[in-house]
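Chain residues, written in single-letter form:
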Amino acid sequence: MSEQPAPYGSPPTTPGGPPAAPARTPRVVRTTTLQGWKAEGRRWAMLTAYDALTASALDDAGVPVLLVGDSAGTTVLGQTSTLAVTVEEMLVLTRAVVRGTARALVVADLPFGSYQEGPAQALATGVRMLKEGGAAAVKLEGGAAVAPSVRALVDAGVPVMGHVGFTPQSEHALGGYRVQGRGDDADRLLADALALQDAGAFAVVVEMVPSAVAERLARELAVPVVGIGAGPGADAQVLVVTDMAGLGGGRTPRFVKRYADLRGELGRAAAAFAADVEDGSFPAAEHEFTD
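Residues numbered from 1 in each chain as written. Predicted model: local features only at pLDDT ≥ 70, side-chain atom pairs only at ≥ 80, totals over all residues. Heavy atoms only, no water.

- The name an unreviewed UniProt entry assigns to the protein chain is 3-methyl-2-oxobutanoate hydroxymethyltransferase, from the organism Pseudokineococcus marinus.
- UniProt, in the comment section headed Pathway (unreviewed entry), describes the protein chain in these words: "Cofactor biosynthesis; (R)-pantothenate biosynthesis; (R)-pantoate from 3-methyl-2-oxobutanoate: step 1/2." (UniProt positions renumbered as here; feature names shortened; annotations may be inferred.)

**With respect to the overall build of the protein chain**
- Scanning the protein chain from terminus to terminus reveals 11 helices and 8 strands.
- Counting across all 291 residues of the protein chain, residues that qualify as buried make up 46%.
- Taking the contacts inside the protein chain whose residues are at least 6 apart along the sequence as the reference set, 56% of them involve residues at least 24 apart. (Helix = DSSP H or I, 4+ residues; strand = E, 2+ residues; numbered from the N terminus. Buried < 20%, exposed > 50% of the residue type's maximum accessible area, 1.4 Å probe, protein only. Contact = heavy atoms within 4.5 Å.)

**Side note on helix α1 (residues 31–40)**
- Of all the positions in α1, only T31, T33, L34, W37 and K38 are classed as buried. The arc that holds the buried residues of α1, viewed along the axis, is 160 degrees, so those residues lie on one side. Exposed residues pointing more than 90 degrees away from the buried face of α1 are listed as T32, A39 and E40.
- The inward-facing, buried residues of α1 contact β1 (44–48), β2 (65–68), β3 (105–109) and α9 (211–220).
- Where α1 ends, the next residue or the one after it, G41, has phi of about 75 degrees, a positive value. (Arc of directions from axis to C-beta.)

**Structural notes on the UniProt feature "binding site: Mg(2+)" (unreviewed entry) in the protein chain**
- Within this structure's numbering, the places UniProt gives as "binding site: Mg(2+)" (unreviewed entry) are D70, D109 and E141. These annotated residues cover 72 residues of sequence, but their C-alpha atoms sit close together, with the largest distance between any two at 11.2 Å.
- By the secondary structure assignment, D70 is in the loop between β2 and α3 (72–75).
- For D70, a relative accessible area of 5% corresponds to the buried category.
- Among all residues touching D70, those that are not within four sequence positions of it are T82, V85, M90, D109, P111, E141 and Q169.
- By the secondary structure assignment, E141 is in the loop between β4 (137–139) and α6 (147–155).

Right, here's the structure in full:
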C-alpha cells in the first residue's frame, strides 16, 4: 500500500517548520468539512494561490482552503485589475495549484465575463474549472441576481462559493473600492447572502463591510461566512497570499496583516547573488563539476 499523506496537524518534517494545526483536521478537506466546522464554531483560514510551489507550501502549513483567485490579474500577470483575466489563464493557474496540493480544498474563481450571461454560461465555465482545471469548487461574485446560476451549477454537481459585499469585478459599477453594507444597505447584503445560500452555495465570502454586518451574516446564515476586510465576526478569514506574505510592493489595504517580508528577502538574496557573480565568488569550487 502506498504511503498516505499525514493529516493536518502532524509535526513539521523540517526544523523550524510551521506550527502544527489541530489534529482533528481531516486528511482531505471537503465542502462538507467546512460546513461541519461552522456547526462546531471552528474558525479556518483561506489564502489565494497561483502556482504549484506556493500551493504546496501553504498546503504543508495546514491552510485548509486555497483560492485560485482572479486577483492573479494584479498579483501575477501585471494587470491593473482583475477584469482582463481569462478563463484559459484561470485554467492554467488552477491546474498548477491542484498539482501542488494534497489536502486543501481548491476553489477556482470564475473570471469576469465567464458567467454574467446567465446559468448556461456559468455552468459551462464551472464544469471546465472542475473537469480541466481539477478544482473542487468555484467562486463567483454577486447576490440574488446570480442565484439562478448558482443553482444550475450546484444541481450539476459543481460546488459554489458565493461572494457579496465589495465585488472586485464590479468595481466600476460600485464607484471604486468602497465599503459596502452600511446603513440600510446591510439588509440588502443579507438578502443577497441568503439568496446564495438558498441556491445551494456552501459558503459565502463577504468583502469590505462593517464588522457588525459580517457578524450578522455569520449569525444568520447556516453556511460559513468568509471575511476579508469584514472584522473578526466571520466564520473564516481570507487574504491574498502576496499581501499576507509581503511579496507585493506599495501600500496594502487596511484590512491586511503582513506576516513576512518576502519581497525584501527575495531582493536581498538577488542582490547577494548578483554581487557574488560580479566579484567572481560564485560559482565557487563546490559548485563545479570535474572530469
